[in-house]
Amino acid sequence: MNPAGRGWLLPLLVLLAACAPEPDAAPDTAPASRIVALAPHLAELVYAAGAGDMLVGVSAYTDYPAEARELPVVSDAFTVDQERLRLLSPDLVLAWDSGMPAHTIEGLKQSGFRIVTLRTRSLADITESLETIGRLTGRTAEARAEAERFRNAIAGIRAQYASATPVRVFFQVSARPLYTINGEHFISELIEACGAVNVFAGLGELAPAIDVEAVLAADPEAIITGSGPNQLETWRRFSTLSATRAGNLLTIDAPHLSRASTRLDDAARTLCAVIETARRDLVFAD
């Protein structure tokens, strides 16, 4: 898989193994001026809050906006280079509560870094985290404005598809191993906003491993993945599967669908267009 492909899936797959601490409350201190973001989507949220000029360090796979690619990389999904981090002298380090092991975050705290962990599982979490960053950086008005724009955009998408015929969707994160997302994940919320139903919404884990038999039992009317069309070959063997019968083995070209940022409204429109294609194909299949 090329680096772009890894960047697509890594944020989702990291969720599977992480032990998430509780998010920190925003401390009542002077606004930060030198920020390090330990996840790509957190860097995006810093820019979305109007505080991109304060960002001095990022994590691996940070690639948006373009200027973020030029910043020093201090971490990957599991480890942090504390020596490099200390050289950057941040007065605020943002960590992802589901994307970095709790012991790594605790180690940073014990080393004297000011850490704030942010939860971004749901769409509401994303706007809350954005507004928290606004408060931490003194950019409250900018962050609130972007949060409101995002909420309105998602509400508009929901209204557009409110009367659409439901489509039962299996969202495939990866084929080997086979992973999906449950109803608490923001991608599932976007599926629902598009007038569709996540067939695995009721599972207990945020990004659970499943087996082929579970998919066959759920009998989705569409299978969607962002990991490439070759990842759908398994389902072509099952001619009685509703998705296969309707020709609804679909890929989505929206890498930022996996990023918990306010670009998700744009990704949602792409997702809805894919689901609308599936909806039309179901009519013809009948």
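In what follows, the structure referred to is the one given above.
No experiment lies behind these values; they were computed from the predicted model shown.

Trainee: Can you help me understand the packing of helix H2 (residues 40-48) against helix H5 (residues 123-137) in this one?
Mentor: Pairs of packed helices are described in terms of their axes, by the angle between the two and the distance that separates them. Following both chains from N to C, one finds H2 and H5 inclined at 60°, their axes separated by 9 Å at the closest point. Taken together, the axis directions place H2 and H5 in an arrangement best described as oblique. The handedness of the crossing between H2 and H5 comes out as right-handed. Contacts between H2 and H5 involve Leu42, Leu45, Val46 and Ala48 on the former and, on the latter, Ile126, Ser129, Leu130 and Ile133. Split into classes, the residues belonging to the contact of H2 with H5 amount to seven nonpolar, one polar and no charged.

Trainee: Help me out: how do you make sense of helix H6 (residues 140-160) in this one?
Mentor: Given 3.6 residues to a turn, an α-helix orients residues that are three or four positions apart in the same direction. With 21 residues, H6 extends 30 Å between its outermost C-alpha atoms, agreeing within 8% with the 30 Å of an ideal straight helix rising 1.5 Å per residue. Considered for burial, the residues of H6 that qualify are Ala143, Glu146, Ala147, Phe150, Ala153, Ile154 and Ile157. Down the axis of H6, the smallest arc covering the buried residues is 125°, so these residues share one side. Looking at H6, the residues exposed on the side facing more than 90 degrees away from the buried face are Ala141, Arg144, Ala159 and Gln160.

Trainee: What is the right way to read H5 from this model?
Mentor: Between its terminal C-alpha atoms H5 stretches 22 Å, which fits the 21 Å expected from 15 residues at 1.5 Å a residue. Among the 15 residues of H5, 12 are classified as buried, and the element is accordingly described as predominantly covered. Taken together, the buried positions of H5 are Leu123, Asp125, Ile126, Thr127, Ser129, Leu130, Glu131, Thr132, Ile133, Gly134, Leu136 and Thr137. Of the residues flanking the end of H5, it is Gly138, one or two places downstream, whose phi is positive at about 75°.

Trainee: Explain the environment of Leu92 to me, please; I cannot follow it from the model alone.
Mentor: Mapped onto the secondary structure, Leu92 falls in strand S4 (residues 92-96). A residue is classified by how much of its surface remains accessible, and Leu92, at 1% relative accessible area, is buried. Considering only alpha carbons, one finds Leu92 and Val116, 24 residues apart in sequence, at a separation of 7.4 Å.

Trainee: Sorry if this is basic, but what is going on with the packing of H5 against H6 here?
Mentor: Viewed as axis vectors pointing N to C, H5 and H6 meet at an angle of 165°, and their least axial separation amounts to 7 Å. It follows that H5 is roughly antiparallel to H6 by the angle criterion. In this structure, the crossing between H5 and H6 has a hand that is right-handed. Counted together, Leu123, Thr127, Leu130, Glu131, Gly134 and Arg135 of H5 and Thr140, Ala143, Arg144, Glu146, Ala147, Phe150, Arg151, Ile154 and Arg158 of H6 form the full contact between these two elements. A class-by-class count of the residues in the contact of H5 with H6 yields six nonpolar, three polar and six charged.

Trainee: Honestly, the sheet that holds strand S9 (residues 249-251) in this entry has me stumped. Any pointers?
Mentor: Across a sheet, strands are paired by hydrogen bonds formed along the backbone, either parallel or antiparallel in direction. Strand order across the open sheet formed by four strands is S7-S6-S8-S9, with parallel pairing between neighbours. A strand with exactly one partner marks an edge of an open sheet, and here the two such strands are strand S7 (196-198) and S9. Here the average twist between neighbouring strands, direction ignored, is 35°. In this structure, strand S6 (residues 167-172) lies alongside strand S8 (residues 222-225), joined through four bridges in parallel fashion. If you follow Phe171 over to S8, its bridge partner there is Ile224. Across the sheet, helix H7 (residues 186-193) touches S6 and S7, and the angle it forms with S7 is around 150°.

Trainee: Sorry, what's going on with the state of the cysteines here?
Mentor: Simply put, disulfide is the name for a covalent bond between the sulfur atoms of two cysteines. All chains considered together, the criterion is met by one disulfide. Linked covalently through their sulfurs, Cys194 and Cys272 form a disulfide whose S-S length is 2.0 Å. Across the S-S bond of Cys194 and Cys272 the torsion is about -85°, and the bridge reads as left-handed. Placement of Cys194 in the loop between H7 and S7 and of Cys272 in helix H11 (residues 264-285) is noted, with a sequence separation of 78 residues between them.

Definitions and limits used
- Residues numbered from 1 in each chain as written.
- Predicted model: local features only at pLDDT ≥ 70, side-chain atom pairs only at ≥ 80, totals over all residues.
- Heavy atoms only, no water.
- Axes fitted to C-alpha atoms, helices over the stretch in contact; angles between N-to-C directions.
- Helix = DSSP H or I, 4+ residues; strand = E, 2+ residues; numbered from the N terminus.
- Parallel < 35°, antiparallel > 145°, perpendicular 65-115°, else oblique.
- Left-handed = near helix turned anticlockwise from the far one by under 90°.
- Contact = heavy atoms within 4.5 Å.
- Nonpolar A, V, L, I, M, F, W, Y, C, P; charged D, E, K, R; others polar.
- Expected span 1.5 Å × (residues − 1).
- Buried < 20%, exposed > 50% of the residue type's maximum accessible area, 1.4 Å probe, protein only.
- Arc of directions from axis to C-beta.
- Pairing = 2+ DSSP bridges.
- Disulfide = S-S within 2.5 Å.

Function cannot be inferred from these measures alone, as they are strictly geometric.
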